[in-house]
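# Chains, contacts and geometry: an overview
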Amino acid sequence: MMHIVKHILLSIYIGVLLLGHSAFADRILMVTEATFPPYEYHEGEEIKGIDPEIMNEVAKRMNKKLVVEDMSFDSVITAVVSGKADVAASGITITEERKKQVDFSLPYVEAAQVIVIKKDSAIQSADDLKGKRIGVQHGTTGDTYVTKNIQQPERFPNAALVISALTAGKIDVAVIDQDPAKMFLAKEKELQILPKPLVMEQYAIAVKKGNQELLNRINSTILDLQSTGKLKEICAKHTNVILNQAKTTPNAPTGFWAELKDDFNTNFIRESRWKYLVEGFLITIEISFFSVLVGIFMGFIVAVIRSTYDKTGKLRFLNALCKIYLTVIRGTPVVVQLLIIYFVIFGSVDISKIIVAIVAFGFNSGAYVAEIIRSGIMSIDKGQFEAGRSLGLNHTQTMLYIILPQAFKNVLPALGNEFIVLLKETSVSGYIALADLTKGGDIIRSQTYTAFLPLMAVAIIYLAIVMLFSHLLNKLEQRLKNNE
Ligand code: GLN
C-alpha cells in the first residue's frame, strides 16, 4: 500500500515538474506496436527488434537513454503528433496522409503488403479477393489499401491476431506486411504467402513536425548504419532470432489434457508470462482504488451542492456547473473521456498514465456517485431536516451530522454496485497503453496466439476481486445494520 501511495505521489511530483515540457531531456521516448517481428517483439520484459535497435543507435549518439513503449498501432502516430512521444518507430510505411501529420526519416527498409492464405485455399491472386473475408491490422496501410481498392476488411488490433484468425478459419485471407508475415509463417505450417505482393512500400521513422534536430540525428544514423553494413546485420540478427524461436518450439502434444498442460506452460510459465497478469492486476487495483476515492470525493461535493440548491435555492451557480459536469460525463463513454484526457487535456504534458487513468475513471465515477448520494439525501424524510434545525444546527451541520450518515447507509448497496462497475471499466486502460489486467492478458495472447487460457485467467481474476469486494461490502452493511 505504502509503495502505491509513494508511486502516486512521485508521479504527481514528476507530472507537475514537467508541466509544459514534452519529455525528459535525457531520454528519447519511442512508441511502437510490439507484435510486429522482426521489427519489434516482446522478449521477456523487454521490447526488442530492428526498430528499437536503430533507435538505440540514435540515442547512443545523442547521449540519451532510449525508452520504448508499447501501444496500439493506430495510436503511435497520434502519440508523436500530440507530443506524448518523441518518435514512432513501428515498421511505419511512408504515406502522403501521414506526411501531413509527422516528419519522416529517410526510408530504411523496402517493404510490401502481402496476401496470406491457407495452403488449400482457392485464392490465387489479388483479383480473387473481392467478396472474401479479408483480415487486416487496424490503421495500417494494408487496411487502407483493402478499404480503398477492394472492400471493408475485418480489422484486428495487431498482425499476429490477423494470422490467428486466418488459422482458425475466421477469415479467408490476411493482408499484412511482408516481413512479419514471413516470421508468423515460420510457425504456421498450413499457411502460405502469395508470391506477388499486393503493393510495395517503404518504412521510415516518424518524429513530430519541426523536430529537425532529432530527425537529422535519425537520418545520419540510418545513413551510417547503411554504409557500414550494420543495418543489414541488425535485420538479419532479429530475423534469425525469430526463425530460431519458431524452430525450437516443440511440436504440440495431442490429447485434451496434454494440450491443456502445454497451453498452460506456453501462456503462463514460459518466459514468465504470468508476470504480465500479476503486474496488470496491481495496476488495475491501483487505478480502481484511487479512482474510487476521487469518485467519492467528487460525488459527495456535487451531491451536497445539488441537494442544497434543491432544498434552499442557494448555490445556483455551482449547481449549474455540477449539472454540466453530470451531463457531459454521463453522456459520453468512459473510453472517449480517457482518450480525451490523455491525448487532449494532458496532450503535451508528460504525466504518468496511472494518474491520467485515475483522473478519468475518478471523474467519471464521481458523476454516478453524485446521483446515488443525492438520491440518498432526497430519500431522507423532511422531518429529519426540521429536527436538525430545531436542535439549533444550521443547514451544513444538519447535512453533515444528521442527513449524510443516514443517506450513506441507504445508498451503500448502490455505491457498492458503482464500484464494481468502475473496477471492470478500468479494463479499457489499454487504450492509453497502460498495462492493466486486461492488457496483460492481451499481451500474452499476442505472444502465444492463443485466446482461451489468457482470457479465462483474466476473467477469473476480475471475478475473484469482485466477489471479495462484494463479500466485504456485505459485512459492512451487516455491521451498519447491527449498529442501528
Ligand atoms: N507498415 C504498415 C503501416 O505502416 C503496418 C505497420 C505495423 O503494423 N506496425 O501501416
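Rules used in this analysis
Residues numbered from 1 in each chain as written. Predicted model: local features only at pLDDT ≥ 70, side-chain atom pairs only at ≥ 80, totals over all residues. Heavy atoms only, no water. Helix = DSSP H or I, 4+ residues; strand = E, 2+ residues; numbered from the N terminus. Contact = heavy atoms within 4.5 Å. Areas by Shrake-Rupley, 256 points an atom, 1.4 Å probe, with all protein chains shown as cover. Lys, Arg positive; Asp, Glu negative; His and termini not counted. Charge placed at Lys NZ, Arg CZ, Asp CG, Glu CD. Buried < 20%, exposed > 50% of the residue type's maximum accessible area, 1.4 Å probe, protein only. Core = buried A, V, L, I, M, F, W, Y, C linked by side-chain atoms within 4.5 Å. Pairing = 2+ DSSP bridges. Patch = residues over 30% accessible without salt bridge, like charges linked within 9 Å, V, L, I, M, F, W, Y side chains within 5 Å. Salt bridge = Lys/Arg side-chain N within 4 Å of Asp/Glu carboxyl O. Near = heavy atom within 4 Å. Polar contact = N/O pair within 3.5 Å; in protein donor to acceptor, adjacent residues only side chain to side chain. pLDDT = per-residue confidence, 0-100. Axes fitted to C-alpha atoms, helices over the stretch in contact; angles between N-to-C directions. Parallel < 35°, antiparallel > 145°, perpendicular 65-115°, else oblique. Left-handed = near helix turned anticlockwise from the far one by under 90°. Nonpolar A, V, L, I, M, F, W, Y, C, P; charged D, E, K, R; others polar. Expected span 1.5 Å × (residues − 1).

Looking now at the overall build of the protein. Within the protein, the secondary structure is distributed over 18 helices and 14 strands. C-alpha atoms of the protein, sized along the principal axes, occupy 90 × 60 × 45 Å. The long-range fraction of contacts in the protein, counting pairs at least 24 apart against all pairs at least 6 apart in sequence, stands at 74%. Accessible surface, the protein as shown: approximately 23800 Å² in total, 61% of it carbon and sulfur. If you average the places of the 51 positive and of the 48 negative side-chain charges in the protein, the two averages end up 5 Å apart.

This paragraph deals with the side chain of Ser288. Within the secondary structure layout, Ser288 lies in helix H11 (residues 274-312). According to the relative accessible area criterion, Ser288 is buried, its value standing at 8%. Leaving out residues up to four positions away in the same chain, Ser288 has contacts with Leu422, Leu423 and Thr426.

Quick look at the nonpolar core now. Val31, Val76, Ile92, Leu338, Val356, Phe361 and Ile377 are the most contacted members of the largest nonpolar core, which totals 54 residues. When contributions to this core are tallied by element, the ones reaching two or more residues are strand E1 (27-32), helix H3 (73-81), strand E7 (102-104), H11, helix H13 (334-345), helix H14 (353-379) and helix H16 (395-425). A total of eleven residues in this core trace back to one element, the largest contributor, which is H14. In contact with Ile92, not counting residues within four places along its chain, are Phe73, Val76, Ile77, Arg98, Phe104, Gln202, Tyr203, Ala204 and Ala206. Counting 43 residues, the second-largest nonpolar core is a separate cluster that includes Met30, Ala111, Ala165 and Ala181.

Two orientations exist for strands paired in a sheet by backbone hydrogen bonds: parallel and antiparallel. Read across the sheet, three strands follow the order E2-E3-E4 without closing on themselves; strand pairing throughout is antiparallel. Lying at the two open borders of the sheet, with one neighbouring strand each, are strand E2 (35-36) and strand E4 (46-48). Pairing geometry for strand E3 (residues 40-43) and E4, over three bridges, is antiparallel. Note on E4: the bridge partner recorded for Tyr41 is Lys48.

A word on a nonpolar patch on the surface. There is a patch of nonpolar side chains on the surface, built from Leu315, Phe317, Leu318, Leu321, Ile324 and Val328 and spanning about 570 Å² of accessible area. Overall, the relative accessible area of 37% leaves Leu315 in the partly exposed class.

Attention now moves to the site of the ligand. Among the 13 residues in the neighbourhood of the ligand, the closest are listed as Ser90, Thr93, Gln137, Thr141 and Asp177. In this structure, Gly91 approaches the ligand through a main-chain N or O atom, which is 2.9 Å from a nitrogen atom. At a separation of 2.6 Å, a nitrogen atom of the ligand approaches a polar side-chain atom of Asp177. Burial of the ligand by the surrounding chains reaches 100%, relative to a free accessible area of 290 Å².

Next up on the list: unusual backbone geometry. Pro38 follows Pro37 through a cis peptide bond whose omega is 0°. Position of Pro38 among the secondary structure elements: in the loop between E2 and E3. Phi angles above zero are rare outside glycine, and Ser272 is one such case at about 45°. With respect to the helices and strands, Ser272 occurs in the loop between helix H10 (256-269) and H11. Although it is not a glycine, Leu315 sits at a positive phi angle of roughly 60°. Its place among the elements puts Leu315 in the loop between H11 and helix H12 (316-331).

All told, the structure shown has 16 salt bridges when counted by the stated rule. A salt bridge links Glu57 to Arg61; the nearest nitrogen and oxygen atoms lie 3.1 Å apart. Separated by four residues within a single helix, Glu57 and Arg61 lie in helix H2 (residues 50-61), roughly one turn from each other. Owing to a relative accessible area of 9%, Glu57 belongs among the buried residues under this scheme. Residues joined in a network through salt bridges with shared partners are Glu57, Lys60, Arg61, Asp224 and Lys230.

Let us now look at the confidence of the model for the protein. One rule of thumb: low pLDDT means the predicted coordinates there are not for detailed reading. Taken over all residues, the pLDDT of the protein has a mean of 90, while the share at 70 or more is 94%. Least confident of the elements in the protein is helix H1 (residues 2-17), whose mean pLDDT is 50; most confident is strand E6 (residues 87-88), at 98. Confidence drops under pLDDT 50 across residues 13-23; counting only partners more than four residues distant or on other chains, this segment forms 17 contacts.

Glancing now at the packing of H11 against helix H17 (residues 437-448). At a minimum axis separation of 7 Å, H11 and H17 run at an interaxial angle of 160°. When the axes of H11 and H17 are compared, the pair comes out roughly antiparallel. Every pair of crossing elements has a handedness; the one defined by H11 and H17 is right-handed. Counting all contacts with H11, which are made through Tyr276, Leu277, Gly280, Phe281 and Thr284, the residues of H17 involved are Leu437, Gly440, Gly441, Ile443, Ile444 and Gln447. Broken down by class, the residue content of the contact of H11 with H17 amounts to six nonpolar, five polar and no charged.

Of note, Gln113 is situated in strand E8 (residues 109-118). Gln113 sits in the buried class, given a relative accessible area of 0%. Here the side chain of Gln113 touches Thr141 through a polar contact of 3.0 Å, side chain to side chain. Separated by 3.0 Å, the side chains of Gln113 and Asp177 make a polar contact.

Bringing H14 into the picture now. Each full turn of the α-helix corresponds to 3.6 residues, which orients residues three or four apart in the same direction. Between its terminal C-alpha atoms H14 stretches 39 Å, which fits the 39 Å expected from 27 residues at 1.5 Å a residue. For H14, a buried count of 21 out of 27 residues is recorded, marking the element as mostly surrounded by other parts of the structure. Its side-chain oxygen placed 3.1 Å from the backbone nitrogen of Ile354, Ser352 serves as the N-cap of H14.

Time to look at the sheet that holds E1. Read across the sheet, five strands follow the order E5-E1-E6-E14-E7 without closing on themselves; strand pairing throughout is mixed. With one partner strand each, in any of the chains shown, strand E5 (65-70) and E7 form the two edges of the open sheet. When E1 meets E5, the two strands line up parallel, connected through six bridges. Among the inter-strand pairings, Arg27 is bridged to a residue of E5, identified as Lys65. Across the sheet, helix H8 (residues 212-227) touches E1, E6, E7 and strand E14 (206-208), and the angle it forms with E14 is around 160°.

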